[in-house]
Amino acid sequence: MNVNARRIWLTGASSGIGAALAEQLLQQGHRLALSARTLEPLQALAKRYPHQVLVVAGDLSDADEVRTIGEHITQVWGALDCAILNAGTCEYVEVSTFEAAMIERVMRANLFTASYCIEAALPLLRLGNRPHLVGVGSSVTFMPLPRAEAYGASKAAMRYLMETLRIDLRAENIAVTLVSPGFVDTPLTQKNDFAMPMRWPVDKAARYIAERLAGQPFEIAFPGPFIAILKLLGCLPKRLQVAIGARMARTEAKTKDTP
């Protein structure tokens, strides 16, 4: 067993960035408590890494189930060194048929789920070694983008949640990192019907995150050029931001209409 192995709770571990990140962290020798609704991928990892994986599957949008997961981790490990809150979803708004229920669904999946997990994780992190709380946000928070009203709002809330927790947890020496990916090739983004510039393969994204976690940075954002462009655009006057966003929206509409 790796003497530097850490006890890590990783949510959303059945596919996409979560599954690829689980592989990276397991290869580094860490112990992982893996959560997702879909059990089979977690069991497959547990079979391949029998002494490193603790399967704690469940519906993370259910506060009671999350509380039960936290209790199970407590019984088995007694503490956590790191919690990586990766579970989430994405839906895009069609403003002509604006649906408040979509906002609620995405906020629940991306923000409420994270808050339930934070409630369960903090008591365990307080007992851990160099405790580290990690939340997966999005680069969409650097600039408003078309049709991202639901997803962007949930990730902007995630950013604010993590950045305020960083302040309030400083006295307890609990580090807080926000991960802000650009476009990554996952089953979720493969459903997108628009161009995704500078998209990274999921294994590359997971490796990039895993290599930087040990340093406990404030933020892990990638790819660099894409993030720089979004931040630059986000500093422009609002009139220019609206004009650029409107042009992007028209481009997306043409893409969707193209057979």
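Residues numbered from 1 in each chain as written. Predicted model: local features only at pLDDT ≥ 70, side-chain atom pairs only at ≥ 80, totals over all residues. Heavy atoms only, no water.

If you look the protein chain up in an unreviewed UniProt entry, it shows as SDR family NAD(P)-dependent oxidoreductase from Pseudomonas leptonychotis. One UniProt comment on the protein chain, placed under Sequence similarities (unreviewed entry), says "Belongs to the short-chain dehydrogenases/reductases (SDR) family." (UniProt positions renumbered as here; feature names shortened; annotations may be inferred.)

Draft legend 1. A look at the packing of helix α3 (residues 63-76) against helix α4 (residues 100-125). In the contact formed by α3 and α4, the axes pass within 9 Å of each other and the chain directions differ by 20°. On the basis of their axis angle, the class for α3 and α4 is roughly parallel. Considering how the two elements wind past one another, α3 and α4 form a crossing that is right-handed. Here Ala63, Val66, Arg67, Gly70, Ile73 and Thr74 of α3 lie close against α4, whose contacting residues are Tyr116, Cys117, Glu119, Ala120 and Leu124. (Axes fitted to C-alpha atoms, helices over the stretch in contact; angles between N-to-C directions. Helix = DSSP H or I, 4+ residues; strand = E, 2+ residues; numbered from the N terminus. Parallel < 35°, antiparallel > 145°, perpendicular 65-115°, else oblique. Left-handed = near helix turned anticlockwise from the far one by under 90°. Contact = heavy atoms within 4.5 Å.)

Draft legend 2. Examining the environment of proline 223 more closely. Along the polypeptide, proline 223 turns up in the loop between β9 (219-222) and α7 (224-234). Proline 223 sits in the buried class, given a relative accessible area of 4%. Residues proline 223 and arginine 170, spaced 53 residues apart in sequence, show a C-alpha to C-alpha distance of 28 Å. Setting aside its immediate chain neighbours within four residues, proline 223 contacts Gly182, Met198 and Trp200. (Buried < 20%, exposed > 50% of the residue type's maximum accessible area, 1.4 Å probe, protein only.)

Draft legend 3. Geometry of the state of the cysteines. In total, this model carries 0 disulfides according to the counting rule given. Among the cysteines around cysteine 117, which has no disulfide bond, cysteine 82 carries the closest sulfur, lying 13 Å off. When its relative accessible area of 1% is taken as the criterion, cysteine 117 is described as buried. (Disulfide = S-S within 2.5 Å.)

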